[in-house]
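In case you want the letters, here they are:
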Amino acid sequence: MKKALIVLLVLATVLGTAFAQGGSEASQKTTTLMLSEVHAEGYPTTLADREFARLVEERTNGRIKVEVYSGGTLYGQETGAIEALQIGDLAFARVSASPVASYVPKINALQMPYLYRDGEHMWKVLNGEIGQGLLADIQTSGSGLVGLAYYDAGSRNFYTKKPVKSLADMAGLKIRMQNNQMMVRMVELLGANGVTGIGPNDVYSAITQGTIDGAENNWPTYESMGDYEAAPYFLLDGHTRVPEILLASESVMKKLDPADVQIIKQVAKETQAFEIQKWAEREQASKAKVVAAGSVVTELTSAQLAEFQAKMAPLYEEYGKAYKDVITAIQNVK
Ligand code: BDP
């Protein structure tokens, strides 16, 4: 009994000291938090991460410092970063919404194939009730993740080593897909085979080594990762618009002063417009660069595109049924 009491007292003292230190030195103490990013320096999302870091440090008067690790140096695959956030090994990650849906399935409702009319439609949804509701659902679903902000990532298209000019040309191709089962199903329904488990920085070598015949992404990633040099045929089908999401770890946020968490949330929202601006500039520049380098862009006629879209009926049934109301509401946003 006595021994137990002593142990308790010692424990209380140790804990007490730890807290006291945090409290009394709070004005000078800096908490350093890490942010994982797969893209290189200069890429629109990395620029936004750095803007986020700058603003967090400024608004918390240096209490919180965010260190950005770009180029996938911390986690080469976004699912790895997401799992690190869940267990509190990492504070922030800027990821694509696609892998997020592997942990919060409802996010798929935002990125169904051929869902949006254009980018403007997507932004009305994301910044409106539906998108903001889903961003909040990331945390309330109990994923251990906090959705801070959406960023732009344009639309995704297929690119291959050999020419693909129609649906028939997709048959049997091995296409690298993000870690998301719905996206794998999408490509299967188009007649190809989806390959997962390859981080975006490894797509180029997987193409040159022949592990895959191609991949799918937006103009800036296609250009920035150098994939255009290995797979020069770009099929402009715009199958998905998958936004980027800046995520935080719920358990790391719980350890911070709630007022600082509010600052983090506010600052993240403010970086959205910054990223969208950088995105627009880079999308144009990347397209121009790959076209000048010899990439062959195939545009589909509306009849050809309709063939791709028609193939998605089973996917809407399998993956969209549970969120039919949300999907219909998205389609109805004018
Ligand atoms: C890019 C996203 C990045 C994803 C990558 C991918 O910006 O977050 O990791 O696609 O395909 O467009 O994995």
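Analysis parameters
Residues numbered from 1 in each chain as written. Predicted model: local features only at pLDDT ≥ 70, side-chain atom pairs only at ≥ 80, totals over all residues. Heavy atoms only, no water. Near = heavy atom within 4 Å. Polar contact = N/O pair within 3.5 Å; in protein donor to acceptor, adjacent residues only side chain to side chain. Areas by Shrake-Rupley, 256 points an atom, 1.4 Å probe, with all protein chains shown as cover. 1 Å grid on protein atoms, 1.4 Å probe; cavity = no way out; pocket = protein on both sides within 12 Å on 5 of 7 lines; lining within 4 Å. Sits in = over half its atoms within 2 Å of the grid points. Nonpolar A, V, L, I, M, F, W, Y, C, P; charged D, E, K, R; others polar. Pairing = 2+ DSSP bridges. Helix = DSSP H or I, 4+ residues; strand = E, 2+ residues; numbered from the N terminus. Right-handed = clockwise from strand over helix to strand, strands pointing away. Axes fitted to C-alpha atoms, helices over the stretch in contact; angles between N-to-C directions. Parallel < 35°, antiparallel > 145°, perpendicular 65-115°, else oblique. Left-handed = near helix turned anticlockwise from the far one by under 90°. Contact = heavy atoms within 4.5 Å. Domains from an automatic or database assignment. Buried area = accessible area lost by both parts, 1.4 Å probe. Salt bridge = Lys/Arg side-chain N within 4 Å of Asp/Glu carboxyl O. Points joined across faces, edges and corners; volume = space filled by probe spheres on them. Buried < 20%, exposed > 50% of the residue type's maximum accessible area, 1.4 Å probe, protein only.

**Examining the site of the ligand**
In the neighbourhood of the ligand, 13 residues make up the surrounding shell, with His39, Glu78, Arg176, Asn217 and Glu244 lying closest. In the model, an oxygen atom of the ligand is placed 2.6 Å from a nitrogen or oxygen of the Asn217 side chain. Glu244 is positioned such that a nitrogen or oxygen atom in its side chain is 2.6 Å from an oxygen atom of the ligand. A total of 320 Å² of accessible area belongs to the ligand in isolation, and the protein chains cover 98% of it. Because more than half of its atoms lie within 2 Å of the grid, the ligand is assigned to the largest cavity. Split into classes, the residues belonging to the shell around the ligand amount to two nonpolar, six polar and five charged.

**With respect to the pairing of strand 1 (residues 31–37)**
Here strand 1 pairs with strand 2 (residues 64–69) via six bridges, running parallel. The partner of Leu33 across the bridge, within strand 2, is Val66. With respect to chirality, the unit in which strand 1 leads through helix 2 (residues 44–59) into the neighbouring parallel strand 2 is right-handed. Where strand 1 meets strand 3 (residues 92–96), three bridges bridge the pair, whose relative direction is parallel. Residue pairing across strands places Leu35 opposite Phe92, the latter belonging to strand 3.

**Examining the packing of helix 2 against helix 12 (residues 258–292)**
Where helix 2 meets helix 12, the axes come as close as 8 Å, and the angle between the chain directions of the two elements is 150°. Relative to helix 12, the element helix 2 lies roughly antiparallel. Like other packed secondary-structure pairs, helix 2 and helix 12 cross with a definite hand, here right-handed. Contacts from Pro44, Thr45, Leu47, Ala48, Glu51, Phe52, Leu55, Val56 and Arg59 of helix 2 reach helix 12 at Ile263, Ile264, Val267, Ala268, Glu270, Thr271, Phe274, Glu275, Lys278, Trp279 and Arg282.

**Brief notes about the sheet that holds strand 10 (residues 244–249)**
Here we have five strands laid out as an open sheet, ordered 2-1-3-10-4, and mixed in their pairing. With one partner strand each, in any of the chains shown, strand 2 and strand 4 (145–151) form the two edges of the open sheet. In this sheet, adjacent strand axes meet at a mean angle of 25° when their direction is disregarded. Docked against the sheet, helix 3 (residues 78–86) engages strand 1, strand 3, strand 4 and strand 10, running at close to 145° with respect to strand 3.

**Here's the deal with the domain arrangement of the protein chain**
In terms of domain boundaries, the protein chain breaks down into domain 1 (28–153 + 242–284) and domain 2 (156–241 + 286–331). Of note, the centres of domain 1 and domain 2, computed from C-alpha atoms alone, are 24 Å apart. The partner domain 2 presents 42 residues to the 39 residues of domain 1 that form the contact. Counting the surface lost from both domain 1 and domain 2, the interface buries some 3,200 Å², and carbon and sulfur atoms represent 58% of this. Taken as a group, Met112, Pro113 and Tyr114 account for 24% of the area that domain 1 buries against domain 2, more than any other trio of residues on that side. Between the two partners, domain 1 and domain 2, sit one salt bridge. With a closest N to O distance of 3.1 Å, Glu223 and Arg282 form a salt bridge.

**Remarks on empty space enclosed by the protein**
On inspection of all chains with the given rule, the structure shows one cavity of 30 Å³ or more. For the largest cavity, the calculated volume is near 230 Å³. Lining the largest cavity are 22 residues, and of these Glu78, Ser96, Arg176, Gln178 and Pro200 sit closest to its centre. Contributing elements (two or more residues each) for the lining of the largest cavity: helix 3 and strand 3. Looking at the lining of the largest cavity residue by residue, the classes come out as six nonpolar, 11 polar and five charged. Viewed by domain, the lining of the largest cavity spans two of them, domain 1 (28–153 + 242–284) and domain 2 (156–241 + 286–331), each represented by three or more residues.

**Topic: the pattern of salt bridges**
Counted under the stated rule, the structure contains 15 salt bridges. Between Glu78 and Arg94 there is a salt bridge whose closest N-O contact spans 3.7 Å. Of the two residues, Glu78 sits in helix 3 while Arg94 sits in strand 3, which places them 16 residues apart along the sequence. The exposure classification of Glu78 matches that of Arg94, with both residues buried.

**Some remarks on the packing of helix 7 (residues 181–189) against helix 14 (residues 313–320)**
Describing two packed helices takes the angle between their axes plus the distance from one axis to the other. In contact at an axis separation of 10 Å, helix 7 and helix 14 are set at 160° when each is read in the N-to-C sense. Viewed along their axes, helix 7 and helix 14 adopt a mutual orientation that is roughly antiparallel. Of the two possible hands of crossing, helix 7 and helix 14 adopt the one that is right-handed. The residues of helix 14 that touch helix 7, namely those facing Gln181, Met182, Arg185, Met186 and Leu189, are Pro314, Leu315, Glu318 and Tyr319. Its residues assigned to classes, the contact of helix 7 with helix 14 shows six nonpolar, one polar and two charged.

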